[in-house]
Amino acid sequence: MIQNVKGTKDLLPEAIAKWQYIQSTLQKISEQYNYEEIRTPIFEKTELFSRSIGEVTDIVNKEMYSFLDKGEESISLRPELTASIARAVMQHSLLRQNPILRFWYFGPFFRYEQPQKGRQRQFHQYGAECIGSRYPESDAEIIALAVNIFNSLGIKDFKLAINSLGNTESRANYRETLIEFLKENENKLSKESQIRLQTNPLRVLDSKAEADIEILNQAPNILNFLDTESRNHFEELLAILDYQGIKYEISSKLVRGLDYYSHTVFEFQSHALGAQNAMGGGGRYDKLFLELGGEETPAVGLALGIERIILIMEEKGLFPNLEKKLDLYIVSLDHSNQKYLISIAEKLRQNGMAVATDLLRRSLKSQMREANKMKANYLIVIGDDEIKTNLLTIKDMRNGEQTQYSLNSIEEFFKKQQ
Ligand code: HAM
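This one's a predicted model, so the numbers in the text were calculated from it and none came from an experiment.

Trainee: Provide a residue-level description of the pattern of salt bridges, including the pertinent values.
Mentor: Inspection of the entire model under this criterion finds 24 salt bridges. A salt bridge links D206 to R203, with the nearest nitrogen and oxygen atoms 2.3 Å apart. Comparing D206 with R203 shows no difference in burial state: the two are buried. Sharing partners across several salt bridges, the network here consists of D58, K62, E192 and R196.

Below you can see the structure in the form of structure tokens.
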């Protein structure tokens with residue numbers, strides 16, 4: 001038997017109920033913040049991601065599903081959506097119609113990572129991007145949107161880690177000092193950090209290796225390198241969060257794995273997740289549009305990992321009862337009456353009811369069993385007598401009550417129940 005590809009998962013109907021519950025919450029809250037849904041293609045030109053996320057990041061370097069299509073063009077399955085949205089905004093000149101754009105999205109993403117708890121090769125993100133404002137109130141709006149989503153889903157136990165990478169100049173100054181410091185300690189660093197020191201030194205700060213952590217505790221602090229503009233942006237943002245009562249922890253070593261960030265970066269972390277503790281993250285990307293060949297456009301956004309949110313909600317028992325109920329099951333006593341039964345079922349469905357009938361020509365007993373399993377509220381049994389007299393008995397499965405109705409008044413009966 002052919003099995004699914006490693007790192008992918010089938011979502012069977014039982015799981016889908018949970019997904020639909022989360023998706024409806026995400027849509028509701030996005031709309032409360034006046035964000036509009038955007039859908040872009042599942043694959044893009046590879047260059048879009050390498051130029052935006054960064055050639056030396058793990059995502060582009062090791063994790064992208066890239067291939068040459070039949071026209072010899074290098075294509076990649078999207079590992080994230082911020083770059084695609086920036087492309088779409090520029091391609092359709094959306095900022096000409098509106099100086100501020102607010103988008104949300106939901107869908108599958110692809111990264112060739114080692115699968116483990118909360119980490120898949122095809123996974124799903126919800127994301128929101130606020131494009132056009134350089135002011136900290138837009139950073140605060142994105143963070144508040146995420147906090148609101150967690151509140152609505154009942155997720156309370158999380159940490160918001162926040163940092164500022166500053167603007168290009170202050171980050172360049174910091175980078176130089178950090179490289180100097182890391183070089184002095186190079187021999188003591190883990191192998192991976194030694195490589196990163198050459199390719200992407202800021203990412204060394206993210207290392208979880210014990211050997212590195214001790215050294216990194218002595219490393220220069222990026223927040224001491226912020227210039228006045230960068231410091232003001234960060235402080236204003238923190239003041240808005242304080243005023244809103246949004247708790248955060250300043251984590252000066254948080255740099256995140258994508259190169260397009262400047263100023264604010266943040267992550268929502270949960271202990272319940274184990275090693276992959278990030279439920280979501282994001283930040284400001286004021287230079288991304290420029291790097292993709294467009295005009296400089298300030299923007300900020302975030303993405304949440306849906307599989308990780310589901311893991312937390314399952315572990316903490318946060319899903320409400322999502323059992324779907326059936327309005328009516330119509331039992332057939334004699335299969336020669338199928339046409340009659342189907343026409344009643346169709347009529348009632350057109351009135352908005354959920355109706356099921358047997359498709360396996362089973363016995364009365366097995367049909368009753370199925371109706372019970374489907375948790376039908378009502379049951380109607382149809383045999384020759386019912387067809388002859390045009391009188392149908394409706395049984396309320398919740399209390400056993402039975403009432404007889406003429407075929408004509410049956411629609412009225414169910415209309416009243418809805
Ligand atoms: P990211 O941190 O790469 O950011 O991903 C966001 C979230 O997606 C992570 O915190 C995690 O919950 C989830 N995630 C990432 N990789 C996997 C995986 N292999 N399996 C399961 N879940 C995963 C971004 O993607 C940025 N585009 C966020 C952003 C939007 N920044 C600005 N705007």
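Trainee: Pulling in residues and values, what's your account of helix α2 (residues 46–53)?
Mentor: Along an α-helix, residues three or four apart share an orientation, since each turn contains 3.6 residues. Burial runs high along α2: six of the eight residues are buried. Residues of α2 that are buried include every one of T46, L48, F49, S50, S52 and I53, and no others. Looking at the buried side of α2, the elements it contacts are β2 (43–45), α3 (58–62), β3 (66–68), β4 (74–77), α4 (82–91) and α11 (288–291). Where α2 terminates, the next one or two residues include G54, which has phi positive at roughly 115°.

Trainee: Any details on unusual backbone geometry? Residues and values, ideally.
Mentor: Positive phi outside glycine occurs at S93, with the angle close to 45°. Here the phi dihedral of H263 falls at roughly 55°; this positive angle occurs in a residue that is not glycine. When you line up the elements, H263 lands in strand β9 (residues 262–269).

Trainee: Describe helix α12 (residues 306–315), listing the residues and the values that go with them.
Mentor: Most of α12 is tucked away: seven of the 10 residues are buried. Where α12 is concerned, the buried positions are I306, E307, R308, I309, I310, I312 and M313. In this structure, the buried residues of α12 make contact with α1 (13–32), β5 (101–110), β6 (122–131), α6 (136–153), β10 (278–284) and β11 (299–305). The first or second residue beyond α12 is G317, which carries a positive phi of 60°.

Trainee: I'd love a proper account of the site of the ligand, names of residues and values included.
Mentor: Lining the immediate environment of the ligand, one finds 26 residues, of which E80, E113, Q120, E129 and Y261 sit closest. Y261 is positioned such that a nitrogen or oxygen atom in its side chain is 2.6 Å from a nitrogen atom of the ligand. Within the complex, 96% of the 660 Å² of free accessible area of the ligand lies under protein. Contributions of two or more residues to the shell around the ligand are made by β6, β10 and β11. With six residues, the single largest contributor to the shell around the ligand is β10. Taken together, the residues that form the shell around the ligand break down as nine nonpolar, 10 polar and seven charged.

Trainee: So what's going on with the side chain of N337? Which residues, and what values?
Mentor: Within the secondary structure, N337 sits in the loop between β12 (326–332) and α13 (338–350). The class for N337 is buried, based on a relative accessible area of 9%. Those residues in contact with N337 that lie beyond four places of it in its chain are I382, G383, D384 and I387.

Trainee: Explain the sheet that holds strand β16 (residues 402–406) to me, and be specific about the residues and the numbers.
Mentor: Judged by pairing direction, the sheet is mixed, and its five strands sit side by side in the order β13-β12-β14-β15-β16 without closing on themselves. For this open sheet the edge positions go to β13 (355–357) and β16, each flanked by a neighbour on one side alone. Sheet twist, expressed as the mean angle between neighbouring strand axes with direction ignored, is 25°. With three bridges connecting them, strand β14 (residues 376–382) and strand β15 (residues 391–396) associate as antiparallel partners. Considered in β15, the bridge of L379 is made with K395. Sheet strands in contact with α13 are β12, β13, β14 and β15, and its direction is about 170° off that of β12. Seen against the sheet, helix α14 (residues 364–373) touches β12 and β14 and runs at an angle of roughly 175° to β12.

Rules behind the numbers
- Residues numbered from 1 in each chain as written.
- Predicted model: local features only at pLDDT ≥ 70, side-chain atom pairs only at ≥ 80, totals over all residues.
- Heavy atoms only, no water.
- Salt bridge = Lys/Arg side-chain N within 4 Å of Asp/Glu carboxyl O.
- Buried < 20%, exposed > 50% of the residue type's maximum accessible area, 1.4 Å probe, protein only.
- Helix = DSSP H or I, 4+ residues; strand = E, 2+ residues; numbered from the N terminus.
- Contact = heavy atoms within 4.5 Å.
- Near = heavy atom within 4 Å.
- Polar contact = N/O pair within 3.5 Å; in protein donor to acceptor, adjacent residues only side chain to side chain.
- Areas by Shrake-Rupley, 256 points an atom, 1.4 Å probe, with all protein chains shown as cover.
- Nonpolar A, V, L, I, M, F, W, Y, C, P; charged D, E, K, R; others polar.
- Pairing = 2+ DSSP bridges.
- Axes fitted to C-alpha atoms, helices over the stretch in contact; angles between N-to-C directions.

All we've got here are geometric facts, nothing functional implied.
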